[in-house]
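Single-letter residue listing:
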Amino acid sequence: MTKTLLIVDDALIIREIVKETAIAAGWEIAGEAINGQEAIDLYLKLKPSAVTLDMVMPEYDGIHALRGIMEADPEAKILVLSALDQKTVLQQAFKLGASDFIVKPFNKGRLVESLECLVLEGENIPTTETNTIA
Amino acid sequence: MLPTKTAHETNLEFLHQLFASATHDASAAMCRWTDGLITLSLDEVLEIPLEDVCSELNIDDELLTMVVLSLVGEVGGEMILTFDEENGRQLAASLLHRPVNREEQWSALEQSALCETGNILGCAYMNALTRLIDAELVPTPPYFIQDFGASVLEQALITQAATCDKVLICRTAFHREGEELNWRVIFVPTKKMQDLMEQELV
Amino acid sequence: MATVTENATSVGMGQIGSGQGAATFRSVLGSCIGLAFYNPRIKAGTFAHIVLPEAADRPGSKGKFADTAIPEMIRIMQSYGVMPGGIVAKMAGGANMFGHGGPMQIGDMNTKAVKSGLEKAGIKILFEDTGGQKGRRVVFDCRDGEYLVQTVEHTLRTT
């Protein structure tokens, strides 16, 4: 199955690095967003396998995106990718449903590893549909 | 008799230690971001009368490329990352793994490379300060600006100028393979942040 | 012509300079206002680098705030024998360097405070270049009252 990724970051250079790394690891880029509201809109439209999400963005931040996406899809796989590494911010992100966190500047290997874990976890969780088939 | 330090000098010394520790963390982040190329160290923590800031920092009407981050709120401040044209271009080129761009206009990707450098540095500083003073410090997204250095510094000083007649400034130096670069980070914390830091030092 | 900035006296944030004849002042402005008072007959002038709109018990020199700088500049002009009616004002600065969406929109407030202070004092503004998002380098020459404004891209000159 194709693994699709939504990249959310206001920094073009980070979107480029994530894109390049994910494509090299066999991912398809579903879309890119530059703030939290765009992230929600694109998530609902594209239904990607995973999301990389920055925290500090203009107008609507990462917390806004987390809240909106998780409300619409509690199974969403969101990897927070931020230079902010502060206890209160991270606690809030995980409370809202973030799956993992990587601090910027990040190691590309670690990014791929984390993305793979997210989709793997998703596959291992027995969904209602698979239970019915079984 | 040996000259004794005033309480004020002692506070500046403590603040220097606190910022040196934050700079250490920021240097580690910078080193990772530039593949080990660039490190930084704290130059000075200065308290300067408002009217002398530009001359003391030797920032006047030269055209600089700058990235500005703000910490909004009482416990806040301004952080400015400054480069001359050549150094800014070189950093962008090295981050993008491309030859140095000689076009007059900076490309969106070059601007983004510098902004993200500011973001990574600023956040690394704030992450360290958060651990030291137990406050949430989230900067605004970085703002790219090319203008007279003093014009930008002046606006960054406004919040401090509203409450004090002297401003506290941390100045940082950058190094590439031991050689000092013509880049600077200037951090101007608000009075409230200084007070919090001083409380932590007691 | 006030282009020899090397010989001009630099006026830092919150400072006021004044002189008669061969006196030239310079400042680099962002959100601050460079306010010049001049009398062409006796070629006397004063120049302030105003940082904030009002003092409101804040610490600082008279030149730092619009509401304290203007009376002080009037006093200086009076010491040259010039009454408020004989003063012409020129001003520049008040930029919002970080854009209108950005932090600290103090530039507009400074411009408004200076203009209202001048109106109250009955002082006519002969030249104004304020607002925008660009820094300004300004030079004020007491020999002829020329006020030169340069941004990174443009030069404006008035006598």
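So, a few notes on the structure that sits alongside this text. (Residues numbered from 1 in each chain as written. Chains lettered and ligands numbered in written order. Predicted model: local features only at pLDDT ≥ 70, side-chain atom pairs only at ≥ 80, totals over all residues. Heavy atoms only, no water.)

### Thoughts on the overall build of chain B
Scanning chain B for helices and strands turns up seven helices and six strands. Listing each helix as α and each strand as β along chain B from the N terminus yields α-β-α-β-β-α-α-β-α-α-β-β-α. Against the compact-globule benchmark of 17 Å for 202 residues, chain B has a radius of gyration of 17 Å, which places it among compact chains. With the C-alpha coordinates aligned to their principal axes, the bounding extent of chain B is approximately 55 × 40 × 30 Å. Burial analysis of chain B (202 residues in total) assigns 56% to the buried set. Of the contacts formed within chain B by residues at least 6 apart in sequence, a portion of 72% connects residues at least 24 apart. On chain B, roughly 8,500 Å² of surface is accessible, and the fraction owed to carbon and sulfur atoms is 50%. Charge-centre separation for chain B: the mean point of 12 positive side chains lies 5 Å from the mean point of 33 negative side chains. (Helix = DSSP H or I, 4+ residues; strand = E, 2+ residues; numbered from the N terminus. Rg over C-alpha atoms; globule rule 2.2 N^0.38 Å. Buried < 20%, exposed > 50% of the residue type's maximum accessible area, 1.4 Å probe, protein only. Contact = heavy atoms within 4.5 Å. Areas by Shrake-Rupley, 256 points an atom, 1.4 Å probe, with all protein chains shown as cover. Lys, Arg positive; Asp, Glu negative; His and termini not counted. Charge placed at Lys NZ, Arg CZ, Asp CG, Glu CD.)

### Thoughts on the arrangement of the chains
Across the two pairs of chains in contact, the largest number of contacts is found between chains B and C. The two units chain A and chain C are non-contacting; their minimal C-alpha-C-alpha distance is 10 Å.

### Some words on the pattern of salt bridges
Counted under the stated rule, the structure contains 24 salt bridges over all chains. Between A:Glu116 and A:Lys3 there is a salt bridge, with its nearest N and O atoms 3.0 Å apart. Here A:Glu116 is found in helix α5 (residues 108-124), whereas its partner A:Lys3 is found in the segment before β1 (4-8), with 113 residues between them in sequence. Since its relative accessible area comes to 25%, A:Glu116 is described here as partly exposed. A:Lys19 is the partner of A:Glu32 in a salt bridge, and the nearest nitrogen-oxygen pair spans 2.8 Å. Taken together, the positions of A:Glu32 in strand β2 (residues 28-33) and A:Lys19 in helix α1 (residues 12-24) put the pair 13 residues apart, joining distant regions of the chain. On the accessibility criterion, A:Glu32 (29% relative accessible area) is partly exposed. Shared partners join several salt bridges into a network, and the residues in it are A:Asp9, A:Asp54, A:Lys104 and B:Glu116. (Salt bridge = Lys/Arg side-chain N within 4 Å of Asp/Glu carboxyl O.)

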